[in-house]
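Below, each chain spelled out in residue letters.
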Amino acid sequence: MHRIIVVGASAGGLSVAEALRRAGHEGTITLVGDEPRMPYDRPPLSKQLLSGKWTPSRLALRSEADIRALGLELRLAVPASALDLARQVVTLADDTRVPYDALVIATGVRARRLPGTDGVTGVHTLRSLPDALALRDRLRPGRHLVIVGAGFVGAEVAATACGLGVRVTLLESGPMPLALAVGEEAGRFLTSLHQQHGVDIHTDAAVTEIVHAGGTVAGVRLADGTLVPADDVLVAIGSTPNTEWLAGSGLADRDGVGCDEYCAAADGVYGVGDVARWYNPLFGTAMRVEHRTNAAEQGLAVARNLLTPGARRPFAPVPYFWSEQYDTRFQAYGCLRDHDEALVLDAASADRRLLVAYRKDDRLVGVLAAGKTPKTLRPWRARIAARAPWTAALSHPTAA
Ligand SMILES: Cc1cc2nc3c(=O)[nH]c(=O)nc-3n(C[C@H](O)[C@H](O)[C@H](O)COP(=O)(O)OP(=O)(O)OC[C@H]3O[C@@H](n4cnc5c(N)ncnc54)[C@H](O)[C@@H]3O)c2cc1C
């Protein structure tokens, strides 16, 4: 296993490269990234960077010296364009061919767009540093930002924009923001949090058109004919895995790169981070999670499995994510989507306190909290990891 190529130079890809070196791998590691900058962190894009509290340099995942010390063949600003799985060669857009013994796919996802909006001034998506800087430039007091999609990215930007004195309208196509992902009660809590800060939330709002005049956005048209005027529109309607370069390899479909419990997509090929849909034996299901911590942890797991093929270990984490909106920090462990029940154990929107437990069949599979300390949540994480039956998990003395 001499030559390892990691495609995608961000949280997941860097985690693999570092873990390989830490474990003593002395062979070549080629790290390929299509962005023209050193690896940086994305969660602050909608928070500290957008609010102006942090400068772009604070987003660097490592210093240049630390990255240099890894002794990588660093190929930035050039995307991988093709994979020849049989010959074990990755081709880059500049026609360089990189033969490998092992390949790690860590190309993440990109923001979905609305058709017909490319090049329209004032229409934004948020995935990269340039996206965030372009949006930040436009968020000034008194301007009106309309956000299409009340998922976590949309909700975080709403909170940050409010803090900048921007008037915010949040459009949600369903009956309740985030209800599918986290359940109705938690959706109601989020709605109330945003309304307390003056965000105008429209539910059941189906967007039919982004209206623009002379190449500049003017508003958003809804299915009932309403025109919501806007100075800027953020389209935050989810993501698409970056897998086009894998065309013909059979490794990817519309939901990313399919991997087994070891995160292997094929012999000597592994997936990491947002792009990877792997079988998580803890939950007995395949999942693709777009969480920062998962990208880093999966990178460590893949490096270990790459270097010890005879002693590979399944990757069976309890996924974790956090979100910051206004002064409220949300944290979640486990698998909240597709739950059978979301049981509210504590909710006080005035105090910004929330605790919801999630059941799938007869098991505790997740927990979501706001305004709780990590210490409160740790026992919940342990119960999810232990596959605790629902009734036993809830009757535990630390469950309240
Ligand atoms: C605005 C925002 C806020 C977020 N906030 C949170 C949060 O609060 N909490 C949380 O848990 N998570 C959050 N996330 C999610 C978190 O940032 C991701 O889970 C994490 O970045 C995933 O890392 P990754 O390395 O798998 O993918 P990415 O970070 O997407 O990196 C993939 C890299 O591969 C590059 N690439 C794509 N195609 C190619 C190609 N063909 N060749 C070479 N390179 C390619 C991409 O340009 C990118 O640089 C947030 C994300 C965003 C966008």
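The structure displayed is predicted, hence computed values, not measured ones.

Draft legend 1. Main features of the side chain of Lys47. As for its position among the elements, Lys47 is in the loop between strand E2 (28–32) and helix H2 (48–51). Given a relative accessible area of 11%, Lys47 falls into the buried group. A polar atom in the side chain of Lys47 sits 2.9 Å from the side chain of Glu156. Filtering out sequence-adjacent residues up to four positions away, Lys47 remains in contact with Glu156, Thr160, Trp322 and Glu324.

Draft legend 2. Quick look at the domain arrangement of the chain. Parsing the chain into structural domains produces domain 1 (3–110 + 239–311), domain 2 (113–235) and domain 3 (327–395). Centre-to-centre separation of domain 1 and domain 3, based on C-alpha positions: 30 Å. In this complex, domain 1 contributes four residues to the contact, which on the side of domain 3 involves seven residues. When the two sides are added together, the surface that domain 1 and domain 3 hide from each other amounts to roughly 400 Å², 68% of it contributed by carbon and sulfur. Broken down residue by residue, the surface that domain 1 buries against domain 3 is led by Leu282, Phe283 and Met287, which jointly contribute 92%. Linking domain 1 with domain 3 are zero salt bridges, by the criterion used here. At the boundary of domain 1 with domain 3, the tally comes to two residue pairs in polar contact (both at pLDDT 80 or more). Here the side of domain 1 that touches domain 3 is composed, by residue class, of four nonpolar, no polar and no charged.

Draft legend 3. Looking closely at helix H5 (residues 152–163). Given a rise of 1.5 Å per residue, twelve residues ought to cover 16 Å, and the 17 Å separating the end C-alpha atoms of H5 matches this to within 8%. In terms of residue burial, H5 counts as a mostly covered element, since nine of its twelve residues are buried. Remark: Gly165 follows H5 within two positions and exhibits a positive phi of approximately 80 degrees.

Draft legend 4. Spotlight on unusual backbone geometry. The phi dihedral of Ala77 is positive, around 65 degrees, even though this residue is not glycine. Within the secondary structure, Ala77 is located in the loop between strand E3 (73–75) and strand E4 (80–84). The phi dihedral of Asp95 falls on the positive side, at around 75 degrees, and the residue is not glycine. Relative to the elements of secondary structure, Asp95 occurs in the loop between strand E5 (89–92) and strand E6 (97–99).

Draft legend 5. Focus on the site of the ligand. The environment of the ligand is formed by 32 residues, the closest being Asp34, Glu35, Arg42, Lys47 and Arg127. Within the contact set of the ligand, an oxygen atom lies 2.5 Å away from a side-chain nitrogen or oxygen of Asp34. Within the side chain of Arg127, a nitrogen or oxygen atom sits 2.8 Å from an oxygen atom of the ligand. The protein chains hide 93% of the 1,000 Å² of surface that the ligand would expose on its own. Within the residue set of the shell around the ligand, elements represented by two or more residues are helix H1 (11–22), helix H8 (292–307) and strand E24 (320–325). Taken together, the residues that form the shell around the ligand break down as 13 nonpolar, ten polar and nine charged. Two domains share the shell around the ligand, each providing at least three of its residues, namely domain 1 (3–110 + 239–311) and domain 2 (113–235).

Draft legend 6. Representation of the sheet that holds strand E14 (residues 216–222) in the model. Overall, antiparallel pairing links the three strands, which are arranged E13-E14-E15 in an open sheet. On the outer flanks of this sheet lie strand E13 (207–213) and strand E15 (227–229), each paired with one strand and no other. Adjacent strand axes in the sheet meet at a mean angle of 30 degrees when their direction is disregarded. In terms of strand pairing, E13 meets E14 through six bridges, oriented antiparallel. Opposite Ile210, over in E14, you have Val220 as the bridge partner.

Draft legend 7. View of H1. The end-to-end C-alpha separation of H1 is 16 Å, in line with the 16 Å expected for twelve residues at 1.5 Å each. Burial within H1 is extensive, with ten of its twelve residues counted as buried. Regarding H1, the residues found buried are Ala11, Gly12, Gly13, Leu14, Ser15, Val16, Ala17, Glu18, Ala19 and Leu20. Of the surrounding elements, those touching the buried residues of H1 are strand E1 (3–7), E2, helix H3 (64–69), strand E7 (102–105) and H8. Positive backbone phi, at 95 degrees, marks Gly24, one or two positions downstream of H1.

Draft legend 8. Main features of the sheet that holds strand E22 (residues 276–280). The strand order across the open sheet built from four strands is E18-E19-E22-E23, with neighbouring strands paired in mixed fashion. Looking at which strands have only one partner, the edges of the open sheet turn out to be strand E18 (252–253) and strand E23 (285–287). The pairing of E22 with E23 spans three bridges and is antiparallel. Following the sheet pairing, Asn280 is matched in E23 by Thr285.

Procedures and definitions
Residues numbered from 1 in each chain as written. Predicted model: local features only at pLDDT ≥ 70, side-chain atom pairs only at ≥ 80, totals over all residues. Heavy atoms only, no water. Helix = DSSP H or I, 4+ residues; strand = E, 2+ residues; numbered from the N terminus. Buried < 20%, exposed > 50% of the residue type's maximum accessible area, 1.4 Å probe, protein only. Polar contact = N/O pair within 3.5 Å; in protein donor to acceptor, adjacent residues only side chain to side chain. Contact = heavy atoms within 4.5 Å. Domains from an automatic or database assignment. Buried area = accessible area lost by both parts, 1.4 Å probe. Salt bridge = Lys/Arg side-chain N within 4 Å of Asp/Glu carboxyl O. Nonpolar A, V, L, I, M, F, W, Y, C, P; charged D, E, K, R; others polar. Expected span 1.5 Å × (residues − 1). Near = heavy atom within 4 Å. Areas by Shrake-Rupley, 256 points an atom, 1.4 Å probe, with all protein chains shown as cover. Pairing = 2+ DSSP bridges. Axes fitted to C-alpha atoms, helices over the stretch in contact; angles between N-to-C directions.

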